[in-house]
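The lines below spell out each chain.
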Amino acid sequence: AVTEPPPPPLPGSVSILMDSRSTGGMVELVMSLRQRHGADVHVCSLDSNYFIVSNRMAVMRQSQSDLAAMQNRKRLAERLSNMQGLFERVCLIVEKDRSKQGEVSRPFQRTRYYDNTLVALVRAGIRLLWSDGAEESAGLLVDLAKLESRKGQGIAVPLKVKGQRREEALQMYLSLPSVSHVHALNLLHNFSSVAQLMNSSVESIQKGGCMSRSRAEEIYRFLRRSCDCTLFTKTPKAGKIG
Amino acid sequence: NMDPKADVLENSDLPYGHILCHEKWRTSSLLQALKDGGVKILFEKELGVTDFHLPSQTRLLYVSECDIIAGNGYKRKLVRYRNASSSFQELVLVERTQLSEQYFSALQRFVVFDLGLSLLPVSGQTEASQLITQIVHGEGRDNPFRRKTSGQLLDSVTVISVQQIPGVGRVKALTLMQNFSSLKEISNASPAELEPIVGEGSAQQIHSFFHRNLITGHWGII
């Protein structure tokens, strides 16, 4: 068999991974990313609804009214917290609400709760970006990806995974702690086998995964840790301890 | 910063509920609204380009509609603001109005992408005062967005990882983990070592999962 060369990237085009769950204006956004900006967009199943624009940056979109709604906070905090575990940089695009057809768009009412949310987000290190709609969000995503690419953090591996064996290896990589979809793709393309990764040094994992040193160290330790699986096995003689 | 007095002020913590405000804001509606909101104000002439010092080492620069429409002067101010940074969190409040709207997108790119500062749009001084009041009164409150250390149990993550090997379910995963000390050890086990534990078919499957060459599709040589 011959190694498949990755398709040559279009000059100046960027790679973006996005989650398959769609929310308002997603079709418009993907069309704009692909057609207007010539971005290589791959839709896949991420752990939550966000975009990956580089080896270390993920971006979530949220409508202004959803951000202002108190009942959404717990879920939003959870999602952002998970993203912060997987990415060094997390951005939130706050998008103006789309006025539905036949509906008079009401001006956004700013509340104390909303202000408090914005301040908390900034304080938590989340970068906020402001958008008028799907079209502008697409432009921001592409600009972020380009900026990251200039800093040497752009996604440089093919986004699509071909073949069942590679898909199986990808699933193993994704199950490792603190490994995002883009790290898993990097590992898949830079290690010739799963065993090669398992036996690699921290430096090799860092380089092959295009990830931070601390993340590589976490993986290295995880692959070597022994696990007390007596916790998981059903013991018929539950009364006896030790 | 060349002014020793300003240094002293910058490095000292503000008393609770207080902000440090540039002298030029003394008679503004923003300031009146802050006072009405219970914020205590100290004035300082030597704040440089900063408009406000807020609690928790936060500084704030206000870009008005007027600044934006007048042109590029505010860009130099923003650069100076960014360059003067020390351990402060820097915020930029931008008046986003009907008149400044057309410039907003470019301004956002400059502030966030080029300078790496945090931008918060406001419609005017009233909204700005509400936001600043929230910053002052919210000091010390628990932040729901601050990342908590993961409570993930690594033992269960290991079980899930082992189950990603094709043909290995929960029972086989636990059996493997009882017989090998780590994921790495499982990956290095020979078919002969695996066979008495998971049977002949699985032993081959597991070994091949770890060692097949994912780049060429061939089997790797150990």
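On a predicted model such as this, the values are computed, not experimentally measured, just so you know.

Caption draft 1: Representation of the overall build of chain B in the model. Tallying secondary structure elements over chain B gives eleven helices and six strands in all. Relative to its 222 residues, chain B shows a buried fraction of 48%. Of all intrachain contacts in chain B linking residues separated by at least 6 positions in sequence, the fraction that spans at least 24 positions is 57%. If you sum the accessible surface of chain B, you get close to 10800 Å²; carbon and sulfur atoms cover 51% of it.

Caption draft 2: Spatial organisation of the overall build of chain A. Check the secondary structure of chain A and you find ten helices and six strands. Buried positions account for 52% of the 242 residues belonging to chain A. For chain A, restricting intrachain contacts to residue pairs at least 6 apart in sequence, the fraction spanning at least 24 positions comes to 72%. Just so you have it, chain A exposes about 12000 Å², and 51% of that area is on carbon and sulfur atoms.

Caption draft 3: Local environment of the sheet that holds strand β3 (residues 52–54) of chain B. Residues and elements named next belong to chain B. In space, the six strands of this open sheet follow the order β2-β1-β3-β4-β5-β6, with mixed pairing throughout. The open sheet has two free edges, formed respectively by β2 (40–44) and β6 (118–122), since each of these has just one partner strand. Neighbour-to-neighbour, the strand axes of this sheet turn through a mean angle of 25 degrees, independent of strand direction. Bridge analysis of strand β5 (residues 89–95) against β6 gives five bridges, and the strand direction is parallel.

Caption draft 4: How the structure looks around the sheet that holds strand β4 (residues 57–63) of chain A. Residues and elements named next belong to chain A. Read from one edge of the open sheet, six strands run β2-β1-β3-β4-β5-β6, paired in mixed fashion. This sheet does not close on itself; its edge strands, each paired only once, are β2 (40–44) and β6 (127–131). Sitting on the sheet, helix α4 (residues 112–123) is in contact with β5 (89–95) and β6, with an inclination near 130 degrees to β6.

Caption draft 5: The arrangement of the confidence of the model for chain B in detail. Mean pLDDT over chain B works out to 88, with 90% of the residues at or above the 70 mark. Under a pLDDT of 50 for its full length, residues 1–8 of chain B has, in the predicted model, six contacts with residues more than four places off or in other chains.

Caption draft 6: Highlighting the interface of chain A and chain B. Facing 63 residues of chain A, the contacting portion of chain B comprises 62 residues. Between chain A and chain B, the buried area comes to about 5700 Å², and carbon and sulfur atoms account for 58% of it. Here chain A is connected to chain B by five salt bridges. For the salt bridge of R110 of chain A with E127 of chain B, the shortest nitrogen-to-oxygen distance reads 3.1 Å. Looking at the side of chain A that touches chain B, the elements that each hand over two or more residues are α3 (73–86), α4, β6, α5 (134–150), α6 (164–175), α7 (181–190), α8 (194–198) and α10 (213–224) of chain A. Here the residues of the side of chain A that touches chain B sort into 33 nonpolar, 15 polar and 15 charged.

Caption draft 7: Representation of the pairing of β2 of chain B. Residue and element names in this part refer to chain B. Taken together, the five bridges between strand β1 (residues 18–22) and β2 define a ladder with parallel strand orientation. Residue pairing across strands places H18 opposite K40, the latter belonging to β2. Each parallel crossover has a hand, and for β1 linked through helix α2 (residues 29–36) to β2 it is right-handed.

Caption draft 8: Layout of the UniProt feature "domain: DisA/LigA helix-hairpin-helix motif" (unreviewed entry) in chain B. When the UniProt feature table is mapped to this numbering, "domain: DisA/LigA helix-hairpin-helix motif" (unreviewed entry) covers residues 165–212 of chain B. Taken end to end, residues 165–212 of chain B is 75% helix and 0% strand, and its first and last C-alpha atoms sit 13 Å apart.

Caption draft 9: Spotlight on the environment of R89 of chain A. Residue and element names in this part refer to chain A. Following the sequence through the fold, R89 ends up in strand β5. In this structure R89 comes out as partly exposed when scored by relative accessible area, which is 23%. When the C-alpha positions of R89 and S214 are compared, they lie 15 Å apart, and in sequence the two are 125 residues distant. Here R89 is in contact with R56, M57, A58, R127, E148 and K151, once residues within four sequence places are set aside.

Caption draft 10: A positive patch on the surface, seen in detail. Residue and element names in this part refer to chain A. Taken together, the side chains of R127, K146, R150 and K151 define a basic patch exposed on the protein surface. Inspection of the secondary structure assignment puts K146 in helix α5. We classify K146 as partly exposed; its relative accessible area is 35%.

Reading the values: rules and limits
Residues numbered from 1 in each chain as written. Chains lettered and ligands numbered in written order. Predicted model: local features only at pLDDT ≥ 70, side-chain atom pairs only at ≥ 80, totals over all residues. Heavy atoms only, no water. Helix = DSSP H or I, 4+ residues; strand = E, 2+ residues; numbered from the N terminus. Buried < 20%, exposed > 50% of the residue type's maximum accessible area, 1.4 Å probe, protein only. Contact = heavy atoms within 4.5 Å. Areas by Shrake-Rupley, 256 points an atom, 1.4 Å probe, with all protein chains shown as cover. Pairing = 2+ DSSP bridges. Axes fitted to C-alpha atoms, helices over the stretch in contact; angles between N-to-C directions. pLDDT = per-residue confidence, 0-100. Buried area = accessible area lost by both parts, 1.4 Å probe. Salt bridge = Lys/Arg side-chain N within 4 Å of Asp/Glu carboxyl O. Nonpolar A, V, L, I, M, F, W, Y, C, P; charged D, E, K, R; others polar. Right-handed = clockwise from strand over helix to strand, strands pointing away. UniProt positions renumbered as here; feature names shortened; annotations may be inferred. Patch = residues over 30% accessible without salt bridge, like charges linked within 9 Å, V, L, I, M, F, W, Y side chains within 5 Å. Lys, Arg positive; Asp, Glu negative; His and termini not counted. Charge placed at Lys NZ, Arg CZ, Asp CG, Glu CD.

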